[in-house]
Amino acid sequence: MFITFEGVEGSGKTTQIGFLAQYFFKKGIPFIVTREPGGSPIGSELRKLLLSEESKINRTTELLLYLAERSEHIEKVILPALKDGKIVLCDRFSDATRAYQIYGRKLQREEVENLIYFSTNGLEPDITLLLRLDPERALSRARRRDKANLFSEGKFESYDLDFHRRVYEGYELLAKEYQRIKVIDATGEKGDVFQEILKALIIAGVISEA
Ligand code: TMP
């Protein structure tokens, strides 16, 4: 079972993945937690390149680096875990490329979809939890957290609010298009958001009880 989490920065993905990991741990269900960019053996180097302010790479290079990292991530981490019968909890996957590179960076959809297919060999998540939080609120949350972090990656300065709005709208459109994407209202308390996630997983038949 391949479960991905998506949403704009500051939507609370990392916290919720932590809650779900704890839930699986308590139930004795085997799982791994991973993320993009950063989950593959070359991932942390690529993450630095992709998210640092100094890189200022163009949008085509950026797209290709995300996809290169994904290809490694699938081969070295995701497929082996799935073959072992583990649940894979992944913080971002191809929907992030769709939302950020197609809607955010305005790259051509058909070309990007072809490249996504090429680099993933058609692998898509079984279910995607999209944490919905309006971009203004999410961004101020993310900036606050980023400022408090000594090892800030500096990624927020490279985008403006319009960019984040396009990403948000992009995710909304993807949720209409793909049935596997379940929208979770992420405005409430962390614990309430987690209950929504459990409900969505029960309805989807992934788990049987909260
Ligand atoms: P995050 O670790 O807070 O989720 O940040 C990862 C950043 O990388 C975020 O700005 C979204 C961006 N990203 C893309 O633009 N395209 C992608 O395909 C992926 C996986 C991430």
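About the criteria used
- Residues numbered from 1 in each chain as written.
- Predicted model: local features only at pLDDT ≥ 70, side-chain atom pairs only at ≥ 80, totals over all residues.
- Heavy atoms only, no water.
- Helix = DSSP H or I, 4+ residues; strand = E, 2+ residues; numbered from the N terminus.
- Pairing = 2+ DSSP bridges.
- Axes fitted to C-alpha atoms, helices over the stretch in contact; angles between N-to-C directions.
- Contact = heavy atoms within 4.5 Å.
- Parallel < 35°, antiparallel > 145°, perpendicular 65-115°, else oblique.
- Left-handed = near helix turned anticlockwise from the far one by under 90°.
- Nonpolar A, V, L, I, M, F, W, Y, C, P; charged D, E, K, R; others polar.
- Buried < 20%, exposed > 50% of the residue type's maximum accessible area, 1.4 Å probe, protein only.
- Polar contact = N/O pair within 3.5 Å; in protein donor to acceptor, adjacent residues only side chain to side chain.

Draft legend 1. Quick look at unusual backbone geometry. The residue after Glu-36, namely Pro-37, is reached through a cis peptide bond having omega -10°. Locating Pro-37 in the fold gives a position in the loop between β2 (31-35) and α2 (43-51).

Draft legend 2. Summary view of the sheet that holds strand β5 (residues 181-185). Read across the sheet, five strands follow the order β2-β3-β1-β4-β5 without closing on themselves; strand pairing throughout is parallel. Of all the strands in the sheet, just β2 and β5 have a single pairing partner and so form its edges. On average, adjacent strands in this sheet sit at an angle of 20° to one another, irrespective of strand direction. Sheet topology note: the strand β1 (residues 2-6)/strand β3 (residues 87-91) ladder contains four bridges and is parallel. Looking across to β3, one finds that Phe-5 is bridged to Asp-91. Helix α7 (residues 161-177) rests against β1, β4 (127-132) and β5 of the sheet, and its axis sits at about 140° to β4.

Draft legend 3. Quick look at the packing of α2 against helix α3 (residues 59-83). Two numbers describe how α2 lies on α3: the axes approach to 10 Å, and their chain directions differ by 165°. Here α2 lies roughly antiparallel to α3, going by the angle between them. Judged by the sense of rotation from one axis to the other, the crossing of α2 with α3 is left-handed. In this structure, α2 contributes Gly-43, Leu-46, Leu-50 and Leu-51 to the contact, and α3 contributes Glu-62, Leu-65, Tyr-66 and Glu-69. Among the residues making up the contact of α2 with α3, the classes are represented as five nonpolar, one polar and two charged.

Draft legend 4. Spatial organisation of the pairing of β2. Burial along β2 is one-sided: Ile-32 and Thr-34 are buried, and none of Phe-31, Val-33 and Arg-35, which face the opposite way, are. Pairing of β2 with β3, which is carried by five bridges, proceeds in the parallel orientation. Each bridged residue has a counterpart across the sheet, and for Thr-34 the counterpart in β3 is Cys-90.

Draft legend 5. Geometry of the environment of Arg-70. Following the sequence through the fold, Arg-70 ends up in helix α3. The spatial distance from the C-alpha of Arg-70 to the C-alpha of Glu-36 is 7.3 Å, given a sequence separation of 34 residues. When sequence neighbours within four positions are dropped, the list of residues in contact with Arg-70 reads Glu-36, Phe-93, Ser-94, Thr-97 and Thr-120. At 3.4 Å, the side chain of Arg-70 forms a polar contact with the side chain of Ser-94.

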